[in-house]
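Results of the structural survey
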Amino acid sequence: MGDKNTRFFHLSVSLRKGRNYIRKIEQNGSRLVSLNNVKEGVANSSSTLFRKPKCKRIEMGHLRFSKISEAKLFWLERSPLIEEVKQVVWDCNGSKTPGLDGYTFSFNKKILDGFMIAKRLFMASATRSIALLLKVDFYKAFNSILWEHIDISMGYMGFGSHWRKLVFECLSTSKLAILINGSPNREFSMERGLRHGDPLSPFLFDIVVQGLTVLLNKALASGYFKKLANFSRTLHNSFVIC
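Residues numbered from 1 in each chain as written. Predicted model: local features only at pLDDT ≥ 70, side-chain atom pairs only at ≥ 80, totals over all residues. Heavy atoms only, no water.

Moving on, we come to the overall build of the chain. Within the chain, the regular secondary structure consists of nine helices and eight strands. Residue burial in the chain is summarised as follows: out of 242 residues, 26% are buried. Contacts spanning at least 24 positions in sequence make up 67% of the contacts within the chain whose residues lie at least 6 apart. As displayed, the chain offers around 17900 Å² of accessible surface, 59% of which is attributable to carbon and sulfur atoms. (Helix = DSSP H or I, 4+ residues; strand = E, 2+ residues; numbered from the N terminus. Buried < 20%, exposed > 50% of the residue type's maximum accessible area, 1.4 Å probe, protein only. Contact = heavy atoms within 4.5 Å. Areas by Shrake-Rupley, 256 points an atom, 1.4 Å probe, with all protein chains shown as cover.)

Structure below.
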């Protein structure tokens, strides 16, 4: 029985590998057939997704961002102790991430809570004649975040120049390589976006969302939005246009 099961699983893996094998692609009207050309084509297309676009920024320095305390700022910018570095390395446990896709349990819990929040928002807004529910595709936003926006937002929140420089170094030195038929293509540099699975990425993403939060709060204070009634405690960042 054991040999039959082994043969079955090996056969299943081989069939799946054959179905997923990329033999050719079309790019800019040309058909790329050889493996090297396919890899180069995928690398060129993927690197385009992570190029920095030309766009105008919204000035938000006058808005009320959450501020980091002096004590936390001092802790961030102090030199780490050798014992602390050793503890972090020892806690990495090989190539494992802190949680699913690099996120902690509490971060994933908030994502799951979002489905329940969305349901309650829809039910509450269904009784109104005019309403707007805003759904943000955070998965796509993860790949298109501008590093300049992260740096400026951290400045608004009171982060020091040394810490901001360290974060920018982590972002700007990142490179990607895509597996094509089991082997990686050439590496290419990123100009924007956050890496999935990086333990630092969820925290940087929270900083980016601060910009959206302060803009919504400004719109609320200006009377463009009204909070949903009876949701102020659990849905403090939920709005509806009336």
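From this point, the discussion proceeds with the structure in view.
Scanning the model with the defined rule gives one cavity of 30 Å³ or more in all. Its volume calculated, the largest cavity comes out at about 70 Å³. Among the secondary structure elements, those contributing two or more residues to the lining of the largest cavity are α8 (161-172) and α9 (201-221). Across the lining of the largest cavity, the residue classes tally to seven nonpolar, three polar and two charged. (1 Å grid on protein atoms, 1.4 Å probe; cavity = no way out; pocket = protein on both sides within 12 Å on 5 of 7 lines; lining within 4 Å. Points joined across faces, edges and corners; volume = space filled by probe spheres on them. Nonpolar A, V, L, I, M, F, W, Y, C, P; charged D, E, K, R; others polar.)

Take the packing of helix α7 (residues 147-156) against α8 next. Direction vectors running N to C along α7 and α8 enclose 165°, while the axes themselves pass 10 Å from each other. In terms of orientation, α7 and α8 fall into the roughly antiparallel class. Classified by chirality, the crossing of α8 by α7 is right-handed. Every residue of α8 that contacts α7 at W147, I150, D151, M154 and G155 is listed here: W163, R164, V167, F168, L171 and S172. Here the residues of the contact of α7 with α8 sort into seven nonpolar, two polar and two charged. (Axes fitted to C-alpha atoms, helices over the stretch in contact; angles between N-to-C directions. Parallel < 35°, antiparallel > 145°, perpendicular 65-115°, else oblique. Left-handed = near helix turned anticlockwise from the far one by under 90°.)

Scanning all chains against the criterion turns up five salt bridges. Close ionic contact of K52 with E148 constitutes a salt bridge, the shortest N to O distance being 3.6 Å. Residue K52 is located in the loop between α2 (35-49) and α3 (70-77), and its partner E148 is located in helix α7; the two are separated by 96 residues in the primary sequence. (Salt bridge = Lys/Arg side-chain N within 4 Å of Asp/Glu carboxyl O.)

So, about the packing of aromatic side chains. If you walk through the whole model with that rule in mind, you get four aromatic pairs. Considering the side-chain rings of F50 and F188, the 6.5 Å spacing of their centres and the 35° angle between planes classify their relative orientation as tilted. Residue F50 is found in the loop between α2 and α3, and its partner F188 is found in strand β6 (residues 188-189); the two are separated by 138 residues along the sequence. The class of F188 is buried, set by a relative accessible area of 5%. When the ring of F142 is compared with that of F205, the centres are 5.3 Å apart and the planes differ by 40°; the resulting orientation is tilted. With F142 in helix α6 (residues 138-144) and F205 in helix α9, this pair connects stretches of sequence that are 63 residues apart. Comparing F142 with F205 shows no difference in burial state: the two are buried. (Phe/Tyr/Trp six-rings, centres within 6.5 Å; stacked < 30°, edge-to-face > 60°.)

Moving on, we come to the side chain of Q27. Position of Q27 relative to the elements: it lies in strand β1 (residues 25-27). Within the local environment of Q27, its side chain forms a polar contact with the backbone oxygen of G41, the two atoms lying 2.7 Å apart. One polar contact links Q27 to S45, side chain to side chain, over a distance of 2.5 Å. Ignoring anything within four residues of it in the chain, the contact list for Q27 reads L32, G41 and S45. (Polar contact = N/O pair within 3.5 Å; in protein donor to acceptor, adjacent residues only side chain to side chain.)

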